Amino acid sequence: MKMEKKQRELDDVLNKYLEGSLTEVDARALSTQIEESPEVRKRYWELASIHGMVEQSMQSVLLQATTGRESAEPEIRTRVSGLSRIKTGIAGLAIGVFSASVVWAFKLPQDNQPQPKIQEIVSEGFENRNRISIEDSL
Amino acid sequence: MKMLFGHSFELCSLLYPMPMMSLQETFLTVSRKASSFEIGTNFTAWACGIARLKVLENFRQTKRANVLSEKAIIALTEDVPSPESFKEREQALEKCIAKLPSKLRDLLWRRYSRRQTSDEMAEALGMTSNAVRVALSRSRVGLRDCINLQLKETTGI
C-alpha cells in the first residue's frame, strides 16, 4: 500500500516535470532520485515515451486531417462527410440542369434559323477563277 | 548515423520537455556541432548536453529552472530503451488510446494536437485547471499501465 502511494507520487512528479510545471526544488529532488534508482529511470522512460508517442499520434492524425486524407475527429467526420456528399450531389445536379438549359437555349433558336448554304462554301475554292491553268493552255 | 541522430534528438526532447521554438534551435545547434562529436563516446548524452544548455538558456529568459541535473540526464541516457522497445510500445498505444473514455481522449487531443493549455481546456470544458491536469496525468498513467499489460500479454512475461 505504502509502495503504491510512493509510486503514485513519483508518477505525479514525473508528469509535472514532463509538463514543464515542476518547481526548482522538486526538480532537484527528482534528479537525485533518477541518479540513484534504476527503477525511477525505468518509470521515467515509460511515462516520457507516452508523452512523445501520444503527441506523435495526435499530430499525425492532425496532419492527415489537414492534408484532407482523413478527418481528425471521426464522429464529426461522419456527419460532415455525409452532409458534404449531399451538398456535392445537389450542386452537381444544379450545374447539370443549368448547363443543359444553356445548351438548349442556344441550340433552339439555331434550329429555327435557315441552314447556311453549305454547298456553296464547299464548292468554293481558293483558286483564282480568272487565271488560266497550265493544263487548259496546253 | 542519420538514424542515431534522429533517435537521440527524439530522446533529448523527452528528457527536456521544451517549447517548439527551443526544440528547433536545439536541433540546429546539434546539427551545426555534429562535427565536434568524438566517435566512440555517448552520442545521446552529447546531443542531450547541448539540449540541456539550450533549455537552461530558455529557462534563464523565462526565469524558470525546473531542469534535471546533468548527472541525472547522463544516468537516463545510459538507460535509454531500445528503438525496438519504443516501436513495440507505439504499436500497443493505439489500442490503449481506443480504450480510454472519450472525455480523456478529448483532453489528450486538445493537449497534444491543439496544444491547448490546462487553463484553456478548463475554460472550454467547464472544469478547473487542476482537474484538467489531474485527468491528463491519470490518462497518461492509464496508458502506460495498459501498454505494460499488453506487452506482458504478448511476450508472456
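Presented here is an overview of the structure given in this document. (Residues numbered from 1 in each chain as written. Chains lettered and ligands numbered in written order. Predicted model: local features only at pLDDT ≥ 70, side-chain atom pairs only at ≥ 80, totals over all residues. Heavy atoms only, no water.)

## Details of the overall build of chain B
Thought 1: The secondary structure content of chain B amounts to eight helices and zero strands.
Thought 2: Listing the helices and strands of chain B from first to last along the sequence gives α-α-α-α-α-α-α-α.
Thought 3: Out of the 157 residues belonging to chain B, those deemed buried represent 43%.
Thought 4: For chain B, the computed accessible surface area is about 9,100 Å², with 56% contributed by carbon and sulfur atoms. (Helix = DSSP H or I, 4+ residues; strand = E, 2+ residues; numbered from the N terminus. Buried < 20%, exposed > 50% of the residue type's maximum accessible area, 1.4 Å probe, protein only. Areas by Shrake-Rupley, 256 points an atom, 1.4 Å probe, with all protein chains shown as cover.)

## Describing the overall build of chain A
Thought 1: When helices and strands are counted, chain A shows six helices and zero strands.
Thought 2: Each helix and strand of chain A, ordered N terminal to C terminal, gives the series α-α-α-α-α-α.
Thought 3: When each of the 138 residues of chain A is scored for burial, the buried share is 20%.
Thought 4: Contacts spanning at least 24 positions in sequence make up 43% of the contacts within chain A whose residues lie at least 6 apart.
Thought 5: Entry remark: accessible area of chain A is about 10,800 Å², with carbon and sulfur atoms responsible for 60%. (Contact = heavy atoms within 4.5 Å.)

## Quick word on the packing of helix H6 (residues 102-112) of chain B against helix H8 (residues 129-155) of chain B
Residue and element names in this part refer to chain B.
Thought 1: H8 packs onto H6 with a crossing angle of 105° between their chain directions and a minimal axis gap of 10 Å. Taken together, the axis directions place H6 and H8 in an arrangement best described as roughly perpendicular. Taking contact as the criterion, the partners of Leu104, Leu107, Leu108, Arg111 and Tyr112 in H6 are, on H8, Val132, Ala135, Leu136, Ser139, Arg140 and Leu143.
Thought 2: A class-by-class count of the residues in the contact of H6 with H8 yields eight nonpolar, one polar and two charged. (Axes fitted to C-alpha atoms, helices over the stretch in contact; angles between N-to-C directions. Parallel < 35°, antiparallel > 145°, perpendicular 65-115°, else oblique. Nonpolar A, V, L, I, M, F, W, Y, C, P; charged D, E, K, R; others polar.)

## So, the interface of chain A and chain B
By a widespread convention, an interface's size corresponds to the accessible area lost as its parts come together.
Thought 1: Tallying the contact residues gives 39 residues for chain A and 39 residues for chain B.
Thought 2: Together, the buried faces of chain A and chain B total about 3,600 Å²; carbon and sulfur atoms form 60% of this surface.
Thought 3: Linking Arg41(A) and Asp79(B) is a salt bridge whose minimum nitrogen-to-oxygen distance equals 2.6 Å.
Thought 4: Across the contact surface, chain A and chain B share 15 residue pairs in polar contact (both at pLDDT 80 or more).
Thought 5: Elements supplying a minimum of two residues to the side of chain A that touches chain B: helix H1 (2-19), helix H2 (24-36) and helix H3 (38-66) of chain A.
Thought 6: Broken down by element, the side of chain A that touches chain B gets its largest block of residues, 21 residues, from H3(A).
Thought 7: When its residues are assigned to classes, the side of chain A that touches chain B shows 18 nonpolar, 11 polar and 10 charged. (Buried area = accessible area lost by both parts, 1.4 Å probe. Salt bridge = Lys/Arg side-chain N within 4 Å of Asp/Glu carboxyl O. Polar contact = N/O pair within 3.5 Å; in protein donor to acceptor, adjacent residues only side chain to side chain.)

## Examining the state of the cysteines
Residue and element names in this part refer to chain B.
Thought 1: Per the counting criterion, the structure on display carries one disulfide over all chains.
Thought 2: Note that Cys96 is cross-linked by a disulfide to Cys146, the S-S spacing being 2.1 Å. Taking the torsion about the S-S bond as the criterion, the Cys96 to Cys146 disulfide, at about -85°, is left-handed. Taken as a pair, Cys96 in helix H5 (residues 83-99) and Cys146 in helix H8 lie far apart in primary sequence, 50 residues in all. (Disulfide = S-S within 2.5 Å.)

## Focus on the nonpolar core
Thought 1: Core analysis: the largest hydrophobic core is formed by 22 residues, its most contacted members being Val54(A), Leu93(B), Leu108(B), Leu143(B) and Ile147(B).
Thought 2: Broken down by secondary-structure element, the contributors of at least two residues to this core are H3 of chain A together with H5, H6, helix H7 (118-125) and H8 of chain B.
Thought 3: Looking at which element gives the most residues to this core, the answer is H8(B), with seven residues.
Thought 4: Not counting chain neighbours up to four residues away, the residues in contact with Leu143(B) comprise Ile50(A), Val54(A), Leu93(B), Cys96(B), Ile97(B), Leu100(B) and Leu108(B).
Thought 5: The next biggest cluster of nonpolar side chains, apart from the first, holds 20 residues, and it includes Trp45(A), Leu47(A), Cys48(B) and Leu76(B). (Core = buried A, V, L, I, M, F, W, Y, C linked by side-chain atoms within 4.5 Å.)

## Let's talk about the environment of Lys16(A)
Residues and elements named next belong to chain A.
Thought 1: Position of Lys16 relative to the elements: it lies in helix H1.
Thought 2: Judged by its relative accessible area of 37%, Lys16 falls in the partly exposed class.
Thought 3: Taking the C-alpha atoms as reference, Lys16 lies 9.6 Å from Ala27; in sequence the two are 11 residues apart.
Thought 4: Apart from the residues lying within four places of it in its own chain, the contact partners of Lys16 are Ser21 and Leu22.

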